[in-house]
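Fold and contact review
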Amino acid sequence: MSIQIQRGKAITVDRRTRKTPMGQGLLRGLGVIWKHWSASFQKNDSYKKIQGTFTIEYPEERRQLPEAYRNMPILLYDEQSGHEFCTSCFQCERICPPQVIHMTQAKDPATGKPVPAVESFEIEYDACMSCGLCAEVCPFEAIKMDHTFELSTHDHPSLTVDKTALNRPTTYYAQIAPRMWEEVKENAYKKLAANMKRRSDLIGIAPQMQEQLREQLARAPQAEPAPEAVASASTTADDKAARLAAIRAANAAKRANSENGQAAQGDATQSADDKAARLAAIRAANAAKRAAQQAQASEAPETAPSESASPADDKAARLAAIRAANAAKRAAQQAQASEAPETAASESTSPADEKAARLAAIRAANAAKRAAAAAEKGQEE
Amino acid sequence: MLSTDELQINIGPQHPSTHGVFRLLTRLEGETIIELTPVFGYLHRNHEQLGEANSYLQNMPFTDRLDYFNSMANNHAYALAVEKLAGIEVPERAEYIRVIMVELTRILNHAGAIGFLFNDMGAWQTQLAFSMREREKILDLFEMVSGARMMCNYFRFGGVVRDLPPEFLPALQDLLEAMPAFIDELERLLSENEILLARTQNIGILPKELAISYSVTGPMLRASGIPYDIRKAEPYSIYDRFDFDIPIGSVGDVYDRFLVRIEEMRQSRRILLQALEQLPDATGSHINPKARQNVRPPVGDAYTRIESPKGELGFYLVSDGSTKPYRYKIRAPSFINLTPLGDLCRGHKIADVVVILGSIDIVLGEVDR
Ligand code: SF4
Ligand code: SF4
């Protein structure tokens, strides 16, 4: 047999045919086991060690998962605008090896033309092989791999999940995979901004956010019949309404602020108050948005004829919006600060509510900010 | 002398020992095997036919599921086949990353195989736990780069899916530092224990000629004394840049097969150290930017083979110019190495069957596909 071997040679393994006294090998083997056993009371915390306990007590203790870890795909939305990144380009549906992604594209209700947004999106989690190809091919960074792996359930059909269950805010992804998100973030937002221009109304808004919007629309007339009714009538009235809502929001946020301080002991009123704050904040956000839209729409044609009335009003609206933004921001800070002690004290309801309030406050702040910017722009023109 | 009847016994198909779902049809004279026929196909998943319905890239995650111990090696063989078919270049750094992954795979496969040998002989879980500890460390590294411990799906045409994260190389250094201690301990446990020696020496001898006529490859062939390793015989990727030796056995029994595996782990460590030294710094050049993943290779065919931890793993692809392979065929080392099982076991006691089977080192996912 002549087999040429470059850069190396064939070495015959040593069979160690020499005899050890009978039984000694066994004893030495036991020695090794003894060594490992006695070392097993210590934690093996380094790759350099080959002894010690290297297991962890799973449900209580959890490994830090690497960023690249992939389990099931999720969809991302921008929690400030509420817009989903997905444009229903069908790339992921096409690449998925077991073909478990199903989607339909959204259509503009007015024109019937397809819009770069997704109407329904379903993934059969039970048949997904976690290959990660969908996340890899997505040009809009809309689909990413989640780190949650505890998905077992008795209810098999529930493993076919829809858009509502798949959606996660970008902050969530930035938290589980900070470096990977940082790399693609800019690109993702650039593309989203371009796509948002081609969406109208509620199209492309994450269902989570949509519900809040709709809920708000349904509730607003009962709570505030007057401004809501007048709102459609004229610009100034609308501006006024926005101002009113903003002021109310500011007040509510302030109240929430002070209440939060007292509620540190965790009494019952706190959650109710939080709800109120949340509601107010949502209302403020929406009103501010509406004001901004109105301002933008009305500014262009109207600047000349109604110069006398609107600037003053606009100014007031802007002021109110700014004030609301500030109050909301403060509320958010307060909420964040009070989270730590409170979770311990009143664990049952408050964290969820608190979170919601915080979210709403942030949203309000953003909306108000945008309103202010729009108003300012209008002013300059 | 008492006269006894022949007895026919089915071992399996539910997990005969720890090696997956297949059936051993045995004819026994007392406790001695007269005839043994391996019956497989219980884990058939239509892999090759599925491969013809999928696009080239879609097949990549499926190759993970062949030999699920060695997903990186499977990825490598498949990526090489498509690259050959479509003429895709691989950047230097990607080649080194690939070699690092595949050699780590070899170490974890052999550590596992040896751990299971002890299991098969009744040293229930002790040594296996030690092997699994080392294996888990390597799987941690795989998870770090690819996102999954076993179904890595890490290779792409023209490179690998993402570059090494910054924490990878220090962790690998630590791992390689600890490895000699682990391998030496494993070898001592294997070669000093009298029970183990009695159970493995001169059991299941595979003579050279028989090995060749059965097309056996990998550690099993080398244990029979033939220094044939595709990394040397037909260097693919960048294996011609490393110094390493080929361990061979002198008898070809179960014992030799395990000694060869242990020595191969040492050689793999040598390769890893060299690869770490030579690894180019060009971060980000882990994939050829010009390589399209959604390939449409020209009409033609390609066969590539690699030295997977279990033997020669080959992918044969025929392209008809579309995005899907026209024919997708796998030469699976586990499957071919399993065929001489009947010859290996004849004349041995029934208790040795499990040990011999373990020494072949099969994964049923690859045998049945
Ligand atoms: S998730 Fe990404 S790839 Fe899939 S349809 Fe949406 S934008 Fe396209
Ligand atoms: S991870 Fe893979 S299998 Fe799962 S939905 Fe994405 S592409 Fe399909």
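Predicted model, so just to flag it, every value in this text is computed and none were measured.

**Looking at the overall build of chain A**
Broken down by element type, chain A carries 12 helices and 7 strands. Residues counted as buried form 43% of the 381 residues belonging to chain A. Within chain A, contacts between residues at least 6 apart in sequence are counted, and of these 73% link residues at least 24 apart. Carbon and sulfur atoms make up 54% of the accessible area of chain A, which totals about 20900 Å².

**Details of the sheet that holds strand β6 (residues 160–161) of chain A**
Residue and element names in this part refer to chain A. If you trace the 3 strands from one edge of the open sheet to the other, you get β3-β4-β6, paired in antiparallel fashion. For this open sheet the edge positions go to β3 (101–107) and β6, each flanked by a neighbour on one side alone. Taken together, the 2 bridges between strand β4 (residues 114–124) and β6 define a ladder with antiparallel strand orientation. Opposite E124, over in β6, you have T160 as the bridge partner.

**Thoughts on the packing of helix α11 (residues 254–278) of chain B against helix α14 (residues 350–360) of chain B**
To describe two helices that pack against each other, one gives the angle between their axes and the distance between the axes. All names here are of chain B. As a packed pair, α11 and α14 sit with axes 10 Å apart at the nearest point and diverge in direction by 30 degrees. Comparing the axis directions of α11 and α14 gives the class roughly parallel. Considering only the axes of α11 and α14, their crossing is left-handed. Along its contact with α11, which presents V254, R257, F258 and R261, the element α14 presents V355, I356, G358, S359 and I360.

**Digging into helix α5 (residues 126–146) of chain B**
Along an α-helix, residues three or four apart share an orientation, since each turn contains 3.6 residues. For α5 of chain B, with 21 residues, the first-to-last C-alpha span of 30 Å sits near the 30 Å given by 1.5 Å per residue. Residue G147 of chain B follows α5 of chain B closely and has a positive phi angle near 95 degrees.

**Topic: helix α6 (residues 178–196) of chain A**
Residues and elements named next belong to chain A. The largest bend along α6 reaches roughly 50 degrees and is located at V184. For α6, the full list of buried residues reads W181, V184, A188, L192 and N195. Check the buried side of α6 and you find it contacts β2 (73–77), β4, β5 (143–145) and α5 (170–176).

**Re the packing of aromatic side chains**
Considering all chains together, one arrives at 20 aromatic pairs over all chains under this definition. On the numbers, 6.0 Å between centres and 75 degrees between planes, the contact of Y154 of chain B with F155 of chain B is edge-to-face. Among the residues examined, F155 of chain B registers a relative accessible area of 0% and is labelled buried. Across the ring face of F140 of chain A, the terminal group of K191 of chain A is positioned such that the distance to the ring centre comes to 5.4 Å. A cation over an aromatic ring shows up here: K232 of chain B above the ring of F244 of chain B, its NZ or CZ 3.8 Å from the ring centre.

**Regarding the side chain of N59 of chain B**
All names here are of chain B. Counting through the fold element by element, N59 comes out in helix α2 (residues 56–64). Overall, the relative accessible area of 1% leaves N59 in the buried class. Polar contacts involving the side chain of N59 include one to the main-chain carbonyl oxygen of G51, which spans 3.1 Å.

**Examining the site of ligand 1**
Neighbouring residues of ligand 1: 13 residues in total, closest C86, C89, F90, C92 and C138 of chain A. Taken together, the residues of the shell around ligand 1 sort by class into 10 nonpolar, 3 polar and no charged.

**Notes on unusual backbone geometry**
Trans peptide bonds make up most of the peptide bonds, and negative phi angles are found at most residues other than glycine. Residues and elements named next belong to chain B. The residue S215 is not glycine, and still its phi comes out positive at about 60 degrees. Inspection of the secondary structure assignment puts S215 in the loop between α8 (208–213) and α9 (219–223). If you check the backbone angles, D361 has positive phi at about 65 degrees while not being a glycine. Its location among the elements puts D361 in the loop between α14 and α15 (364–368). Here D361 falls in the buried class, since its relative accessible area comes to 7%.

**Digging into the confidence of the model for chain B**
Close reading of the predicted structure is inappropriate where its pLDDT is low. Summing up the model confidence of chain B, the mean pLDDT is 86 and the portion of residues at 70 or higher is 98%. Taken together, the chains of this predicted complex give a pTM of 0.73 and an interface ipTM of 0.81.

**Some words on the pairing of β3 of chain A**
The two faces of a sheet get side chains in turn, since along a regular strand they alternate between them. Residues and elements named next belong to chain A. Note: β3 against β4, 6 bridges, orientation antiparallel. Each residue of the ladder has a partner; that of K107, found in β4, is P114. Where β3 folds back on β4, the antiparallel hairpin that results is connected by 6 residues, among which G112 adopts a positive phi of roughly 80 degrees.

**Side note on the nonpolar core**
Nonpolar side chains tend toward joint burial in soluble globular proteins. By size, the foremost hydrophobic cluster in this structure holds 125 residues, and its most contacted members are M101, L104, Y154, F168 and L341 of chain B. For this core, the element with the highest residue contribution is helix α4 (residues 92–120) of chain B, accounting for 14 residues. Setting aside residues no more than four positions away along its own chain, L104 of chain B makes contact with I138, L141, F142, F168, L172, L175 and L272 of chain B. Residues M72, L76, C128 and A188 of chain A belong to the second largest nonpolar core, which totals 33 residues.

Thresholds, definitions, all that
Residues numbered from 1 in each chain as written. Chains lettered and ligands numbered in written order. Predicted model: local features only at pLDDT ≥ 70, side-chain atom pairs only at ≥ 80, totals over all residues. Heavy atoms only, no water. Helix = DSSP H or I, 4+ residues; strand = E, 2+ residues; numbered from the N terminus. Buried < 20%, exposed > 50% of the residue type's maximum accessible area, 1.4 Å probe, protein only. Contact = heavy atoms within 4.5 Å. Areas by Shrake-Rupley, 256 points an atom, 1.4 Å probe, with all protein chains shown as cover. Pairing = 2+ DSSP bridges. Axes fitted to C-alpha atoms, helices over the stretch in contact; angles between N-to-C directions. Parallel < 35°, antiparallel > 145°, perpendicular 65-115°, else oblique. Left-handed = near helix turned anticlockwise from the far one by under 90°. Expected span 1.5 Å × (residues − 1). Bend = angle between axes of the 7 residues up to and from the residue. Phe/Tyr/Trp six-rings, centres within 6.5 Å; stacked < 30°, edge-to-face > 60°. Lys NZ or Arg CZ within 6 Å of the ring centre and 35° of its normal. Polar contact = N/O pair within 3.5 Å; in protein donor to acceptor, adjacent residues only side chain to side chain. Near = heavy atom within 4 Å. Nonpolar A, V, L, I, M, F, W, Y, C, P; charged D, E, K, R; others polar. pLDDT = per-residue confidence, 0-100. Core = buried A, V, L, I, M, F, W, Y, C linked by side-chain atoms within 4.5 Å.

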